[in-house]
Amino acid sequence: VLRSLGIPTRVITNFNSAHDRNINLSIDKYIDISGKTLHLTEDSVWNFHVWNESWFIRRDLGSFYDGWQVLDATPQERSKGIYQCGPASTKAIKEGDVNLDYDSSFVFAAVNADYVTWIHYSNKRKERIYSDTKKIGKFISTKAVGTNSRVDVTANYKYPEVKGISFKISYSQYKNSLTDDRKILVTAV
């Protein structure tokens, strides 16, 4: 429909697409102490998800957010009381501007959520045991104009993942900074 109105539009496929039901920007998996999966969250990771992008000028958000906008014709969640998703600016998603209207936080999580595994000991105690920052949002793609070739548009949605650098910090240096649900994140560039 948008193309028939003269609005540039293309189909986008996101592989390892996160479905973040509680909008905490992570996909949480809970296990018990024996390693059995517990179904304590409705978060999920889909093999892929498809949506549309259309090229808009965003007078409502400011010119920085002009360009490709995410529109999902098959939203799985309510947004402002109805099933809709977008138009979320791909620039907002890439920059992490998750507080903007039009579902930018939901789309940000779809392409860039952390996949976090927790051991659930009791209703009040859990421990994060693993966090994968690279699993979600792989090979975000569209079809090339005039051919059946794939065009990688991942860089429109997220910055390149930083390779991990191993180092040691003694527990005594950071133990007072730890809480049950948050750990120190150290990024080396």
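Above this text is the structure in question.
Heads up: these notes are all about the structure in this document. Predicted model only: the values in this text are computed from it and were never measured.

**Considerations on the sheet that holds strand β5 (residues 67-71)**
Overall, antiparallel pairing links the six strands, which are arranged β8-β5-β4-β1-β11-β12 in an open sheet. Edge positions in the sheet fall to β8 (88-89) and β12 (150-152), since each has one partner strand and no second. Where strand β11 (residues 138-143) lies against β12, three bridges are found, and the strand directions are antiparallel. When the bridges of β12 are listed, Ser141 appears paired with Asp152. Running at roughly 70° to strand β1 (residues 9-19), helix α2 (residues 104-112) makes contact with β1, β4 (44-56), β5, β8 and β11 of the sheet.

**What about a nonpolar patch on the surface?**
Nonpolar side chains collect at one region of the surface, where Val11, Phe15, Phe48, Val50 and Phe139 lie side by side and expose about 450 Å² of accessible area between them. Elements with a contribution of two residues or more to the nonpolar patch: β1 and β4. Tracing the backbone shows Phe139 in strand β11.

**Looking at the pairing of β4**
Two faces make up the sheet, and in a regular strand the side chains alternate between them. Here ten bridges tie β1 to β4, and the two strands are oriented antiparallel to one another. When the bridges of β4 are listed, Ile12 appears paired with Trp51. As paired elements, β4 and β5 share five bridges and run antiparallel to each other. Bridge assignment links Ser54 to a residue of β5, and that residue is Gln69.

**Observations regarding the side chain of Glu53**
With respect to the helices and strands, the residue Glu53 is situated in strand β4. A distance of 2.7 Å separates polar atoms of two side chains, one belonging to Glu53 and the other to Arg10. Side chain to side chain, Glu53 and Tyr157 meet in a polar contact 2.4 Å long. If near-sequence neighbours (up to four positions away) are discounted, Glu53 is found in contact with Pro8, Thr9, Arg10, Ile12, Trp68, Gln69, Thr90 and Tyr157.

**Focus: the packing of aromatic side chains**
As enumerated under the stated definition, the model contains five aromatic pairs in all. Relative to Trp118, the ring of Tyr30 has its centre 6.4 Å away and its plane inclined at 20°; by these criteria the two rings are stacked. Taken together, the positions of Tyr30 in strand β2 (residues 26-31) and Trp118 in strand β9 (residues 114-122) put the pair 88 residues apart, joining distant regions of the chain. The cationic tip of Lys91 hangs over the ring face of Phe64; the distance from NZ or CZ to the ring centre is 5.9 Å. Just above the ring of Tyr115 sits the side chain of Lys135; from NZ or CZ to the centre is 3.9 Å.

**Focus on the pairing of β2**
Counting buried residues in β2 gives five out of six residues, a clear majority hidden from the surface. Alignment of β2 against β9, held across six bridges, turns out to be parallel. From the neighbouring strand, Tyr30 faces β9, where its bridge partner is Trp118. The antiparallel hairpin formed by β2 and strand β3 (residues 37-38) contains five residues in its connecting segment, where Gly35 sits at a positive phi of about 95°.

**Remarks on the pattern of salt bridges**
According to the stated counting rule, one finds four salt bridges in the structure shown. The partner of Arg21 in a salt bridge is Glu42, and the shortest N-O contact between them spans 2.7 Å. Within this pair, whereas Arg21 is found in the loop between β1 and β2, its partner Glu42 is found in the loop between β3 and β4, the two being separated by 21 residues in sequence. Two residues, Asp60 and Arg58, come together in a salt bridge whose shortest N-O distance is 2.9 Å.

**Considering the sheet that holds β3**
One open sheet accounts for four strands, arranged β3-β2-β9-β10; its pairing is mixed. Since the sheet does not close on itself, it has two edges, and those belong to β3 and β10 (125-132), each with one partner. Note: β2 against β3, two bridges, orientation antiparallel. Across the sheet, the residue bridging to Tyr30 is Leu38, located in β3.

Rules behind the numbers
Residues numbered from 1 in each chain as written. Predicted model: local features only at pLDDT ≥ 70, side-chain atom pairs only at ≥ 80, totals over all residues. Heavy atoms only, no water. Pairing = 2+ DSSP bridges. Helix = DSSP H or I, 4+ residues; strand = E, 2+ residues; numbered from the N terminus. Contact = heavy atoms within 4.5 Å. Axes fitted to C-alpha atoms, helices over the stretch in contact; angles between N-to-C directions. Patch = residues over 30% accessible without salt bridge, like charges linked within 9 Å, V, L, I, M, F, W, Y side chains within 5 Å. Areas by Shrake-Rupley, 256 points an atom, 1.4 Å probe, with all protein chains shown as cover. Salt bridge = Lys/Arg side-chain N within 4 Å of Asp/Glu carboxyl O. Polar contact = N/O pair within 3.5 Å; in protein donor to acceptor, adjacent residues only side chain to side chain. Phe/Tyr/Trp six-rings, centres within 6.5 Å; stacked < 30°, edge-to-face > 60°. Lys NZ or Arg CZ within 6 Å of the ring centre and 35° of its normal. Buried < 20%, exposed > 50% of the residue type's maximum accessible area, 1.4 Å probe, protein only.

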